[in-house]
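In case you want the letters, here they are:
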Amino acid sequence: EAILPGAVAALEQIKVWGIDGISTSLASINKRIAGKLANLGFKLPEDAQRSPHMFGAVLPGHYDGNLVSELAGRNIYISQRGNALRFAPHLHVNDQDVDRLLNALEEMVV
């Protein structure tokens with residue numbers, strides 16, 4: 001019962017933003033991230049095979065570090081499934097957050 005007001009508020013916010021608006025916003029963020037990953041040698045599924053809110057990217061063969069831990073050391077959090085990273089940004093992610101991620105990836109995965 002204690003969580004019901006929070007759930008109601010969350011659903012009301014989703015109604016204000018709209019499902020299409022949420023999808024479009026997250027797809028835009030993910031497209032930007034995916035573009036940089038492709039340039040760094042990550043393997044990505046085709047656009048038509050990705051959902052707008054999250055996607056996976058296989059680490060480049062030349063990278064042998066622990067990218068999840070290295071990024072966490074910079075307060076950037078992603079998860080790893082096997083040899084693929086899972087990118088699932090939230091709506092509160094802004095351009096500066098994406099810039100931090102992309103700059104860190106460029107420094108680490110060369």
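Cut-offs applied
- Residues numbered from 1 in each chain as written.
- Predicted model: local features only at pLDDT ≥ 70, side-chain atom pairs only at ≥ 80, totals over all residues.
- Heavy atoms only, no water.
- pLDDT = per-residue confidence, 0-100.
- Helix = DSSP H or I, 4+ residues; strand = E, 2+ residues; numbered from the N terminus.
- Phe/Tyr/Trp six-rings, centres within 6.5 Å; stacked < 30°, edge-to-face > 60°.
- Buried < 20%, exposed > 50% of the residue type's maximum accessible area, 1.4 Å probe, protein only.
- Lys NZ or Arg CZ within 6 Å of the ring centre and 35° of its normal.
- 1 Å grid on protein atoms, 1.4 Å probe; cavity = no way out; pocket = protein on both sides within 12 Å on 5 of 7 lines; lining within 4 Å.
- Points joined across faces, edges and corners; volume = space filled by probe spheres on them.
- Nonpolar A, V, L, I, M, F, W, Y, C, P; charged D, E, K, R; others polar.

A.B. asks: Any details on the confidence of the model for the protein? Residues and values, ideally.
C.D. replies: Residue-level pLDDT values for the protein average 93, and 99% of them are 70 or greater. Of all secondary-structure elements in the protein, the lowest mean pLDDT belongs to strand β2 (residues 79-81), at 90, while helix α4 (residues 95-108) reaches the highest, 96.

A.B. asks: Please provide a residue-by-residue account of the packing of aromatic side chains, values included.
C.D. replies: Enumeration over the complete set of coordinates arrives at 1 aromatic pair. Summarising the aromatic geometry, the rings of F55 and F87 are spaced 5.3 Å apart at their centres and angled 15 degrees between planes, so their arrangement reads as stacked. Of this pair, F55 sits in strand β1 (residues 55-58) while F87 sits in strand β3 (residues 84-87), and the two are 32 residues apart along the sequence. Accessibility assignment for this pair places F55 and F87 in one class, buried. It is R50 that lies over the ring of F55; its NZ or CZ is 5.4 Å from the centre.

A.B. asks: Pulling in residues and values, what's your account of unusual backbone geometry?
C.D. replies: Backbone geometry at N75 places phi at a positive 60 degrees, although glycine is not the residue there. Mapping N75 onto the fold places it in the loop between α3 (67-72) and β2. The class of N75 is exposed, set by a relative accessible area of 52%.

A.B. asks: If you had to explain the layout of surface pockets to someone new, which residues and values would you point to?
C.D. replies: Approximately 390 Å³ is the volume found for the largest pocket. In terms of lining residues, the largest pocket is bounded by 17 residues, among which I76, Y77, I78, P89 and V93 are the most central. Of all elements in the fold, only β3 and α4 reach the threshold of two or more residues within the lining of the largest pocket. Counting residues per element, the lining of the largest pocket draws most heavily on α4, at 4 residues. Tallied by class, residues from the lining of the largest pocket come to 10 nonpolar, 4 polar and 3 charged.

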